[in-house]
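Each chain is listed here by its residues.
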Amino acid sequence: MNTLYSIRMRSAEGGAHEHGGRHISGAERIVDEKTLKIIAQQLIDRALHHSKGTADFINICIEKIEPHQIQYIRPLAVAIYESNTIDESHALAKDLLCQSVSAKAVECAFSFLQSLNTNMRGAILLDSQTGERLDRTGQKGIRVTRMDVIGKHPSYIVTTDNTEIPVNTHLAEALVLASKVQSCKGIVGELCWSDDPDYTVGYVACNGKYHRLQHMKPLGSEIGGRVFFIDSHVSVESVESYLESQAVLVTWQDR
Ligand code: AMP
């Protein structure tokens, strides 16, 4: 197998994140050496041409990954739902999450995300029973990194009800992230909506499925967020270490 590299981009406006800059975008891939240059260019373009603004700080980090460090996982199955309003979508999301998480924790997650007035770069970790916040990262959050698919993103996927849907960049990246997150021992659910003002689709992940939900936030809103629900019997440190450091590749086809 070719040597693989993790390449990660984060960009901000008004200076670096650590100096108070406003987060514009972040993205990452795991690719071989000959693809690194192309992906670096794509990530730079993405930072410079984003609907949230133009970055004046771009950080690109490249790290070699040894083959034995990689864990291979399957993607979550994708289920799709029809809904017409934000209220309807949120009610659906709550029902789905309540299969794995207490109603109290679900309400806490919605309150956390709905009270954000600026974007976090990472996710909030909540106790899946009490709804108590478990990470101590403040406004930064826990950033899931070192993940990708093997080869190209698929151009379409077949959902649990046998519908073929096209895969845009949002869906491909979110599905990879959600699949890595759900493969972490101790994580029992996730709630997400995007911070991209043009993209109102969100999802909940639980019970081995990625439940794709329309209208999770108002069109034009620049505030998004993620919450991961943790089983209280598992150490928060082991969850954070897996999410932040374990290299994971999603195999779309059987290997
Ligand atoms: P996005 O789906 O990329 O629009 O991101 C929506 C929100 O999810 C962001 O505002 C962050 O709070 C969070 N987020 C984005 N990327 C990550 C990541 N790699 N790990 C954890 N949280 C993330």
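Residues numbered from 1 in each chain as written. Predicted model: local features only at pLDDT ≥ 70, side-chain atom pairs only at ≥ 80, totals over all residues. Heavy atoms only, no water.

Here the focus is the overall build of the chain. Helix and strand counts for the chain come out as five helices and 14 strands. The C-alpha radius of gyration computed for the chain amounts to 17 Å, which stays within 12% of the reference 18 Å derived for 255 residues, consistent with globular compactness. Over its C-alpha atoms, taken along the principal directions, the chain stretches across nearly 45 × 45 × 40 Å. For the chain, buried positions account for 51% of its 255 residues. Of the contacts formed within the chain by residues at least 6 apart in sequence, a portion of 68% connects residues at least 24 apart. Accessible surface for the chain amounts to roughly 12,200 Å². Of this, 49% is attributable to carbon and sulfur atoms. (Helix = DSSP H or I, 4+ residues; strand = E, 2+ residues; numbered from the N terminus. Rg over C-alpha atoms; globule rule 2.2 N^0.38 Å. Buried < 20%, exposed > 50% of the residue type's maximum accessible area, 1.4 Å probe, protein only. Contact = heavy atoms within 4.5 Å. Areas by Shrake-Rupley, 256 points an atom, 1.4 Å probe, with all protein chains shown as cover.)

Within the secondary structure layout, Gln-129 lies in the loop between β6 (124-127) and β7 (147-149). Residues within four places of Gln-129 in sequence aside, it is in contact with Ser-102, Lys-104 and Ala-105.

A word on the nonpolar core. Counting 37 residues, the largest nonpolar core has Leu-125, Tyr-210, Phe-228 and Leu-243 as the members making the most contacts within it. Among the nonpolar cores identified, the runner-up in size contains 20 residues, and Val-101, Leu-113, Met-120 and Val-227 belong to it. (Core = buried A, V, L, I, M, F, W, Y, C linked by side-chain atoms within 4.5 Å.)

This next bit is on the sheet that holds strand β4 (residues 70-73). Pairing in this open sheet of three strands is parallel, and the strands run β4-β14-β7 from one edge to the other. Single-partner strands in this sheet number two, and they are β4 and β7. Between one strand axis and the next, the sheet turns through 25 degrees on average, direction left out of account. Looking at chain direction, β4 and strand β14 (residues 247-250) are connected through four bridges and run parallel. Counterpart to Ile-73 in the pairing with β14 is Val-250. Taken strand by strand, helix α4 (residues 169-182) contacts β4, β7 and β14, and its axis lies near 120 degrees from that of β7. (Pairing = 2+ DSSP bridges. Axes fitted to C-alpha atoms, helices over the stretch in contact; angles between N-to-C directions.)

The next point concerns the side chain of Ser-128. Along the chain, Ser-128 falls in the loop between β6 and β7. Each residue touching Ser-128, except ones within four places of it in the same chain, is listed here: Val-101, Ser-102, Ala-105, Val-188, Phe-229, Ile-230 and Asp-231.

Our next topic: the packing of aromatic side chains. The final tally for this structure, using the stated rule, is two aromatic pairs. Ring centres of Tyr-203 and Tyr-210 lie 4.4 Å apart, and the angle between their planes is 25 degrees; on these two criteria the pair is classed as stacked. For the pair Tyr-203 and Tyr-210, one class covers both residues: buried. Stacked on the ring of Tyr-242, the Lys or Arg Lys-180 has its end atom at 5.5 Å from the ring centre. (Phe/Tyr/Trp six-rings, centres within 6.5 Å; stacked < 30°, edge-to-face > 60°. Lys NZ or Arg CZ within 6 Å of the ring centre and 35° of its normal.)

Summed over all chains, the structure comprises twelve salt bridges. The partner of Asp-195 in a salt bridge is Lys-52, with the nearest N and O atoms 3.5 Å apart. Of this pair, Asp-195 sits in the loop between β10 (187-193) and β11 (202-206) while Lys-52 sits in the loop between α1 (33-48) and β3 (57-65), and the two are 143 residues apart along the sequence. Lys-52 sits in the buried class, given a relative accessible area of 3%. Ionic pairing is found between Glu-107 and Lys-94, a salt bridge with its closest N-O pair at 3.4 Å. One end of the pair, Glu-107, is in helix α3 (residues 103-114); the other, Lys-94, is in helix α2 (residues 86-97), and 13 residues separate them in sequence. (Salt bridge = Lys/Arg side-chain N within 4 Å of Asp/Glu carboxyl O.)

With that out of the way, let us pick up the environment of Gly-138. On the secondary structure map, Gly-138 appears in the loop between β6 and β7. Contacts of Gly-138, omitting those with residues within four sequence positions, involve Met-120 and Arg-133.

Time to look at the domain arrangement of the chain. When the parts of a complex come together, some accessible area is lost, and that lost area is often used as the size of the interface. For the chain, the assigned domains read domain 1 (4-65) and domain 2 (75-250). Computed over C-alpha atoms, the centres of domain 1 and domain 2 are 21 Å apart. Note on domain 1 versus domain 2: buried area summed over both sides is about 1,500 Å², and carbon and sulfur give 47% of it. Taken as a group, Glu-28, Ile-30 and Lys-52 account for 34% of the area that domain 1 buries against domain 2, more than any other trio of residues on that side. Run the count over domain 1 and domain 2 and you get five salt bridges. For Glu-63, the salt bridge is made with Arg-146, and the minimal N-O distance between the two is 2.5 Å. Inspection of the domain 1/domain 2 interface yields nine residue pairs in polar contact (both at pLDDT 80 or more). Mapped by element, the contributors of at least two residues to the side of domain 1 that touches domain 2 are β1 (4-13), β2 (22-32) and β3. (Domains from an automatic or database assignment. Buried area = accessible area lost by both parts, 1.4 Å probe. Polar contact = N/O pair within 3.5 Å; in protein donor to acceptor, adjacent residues only side chain to side chain.)

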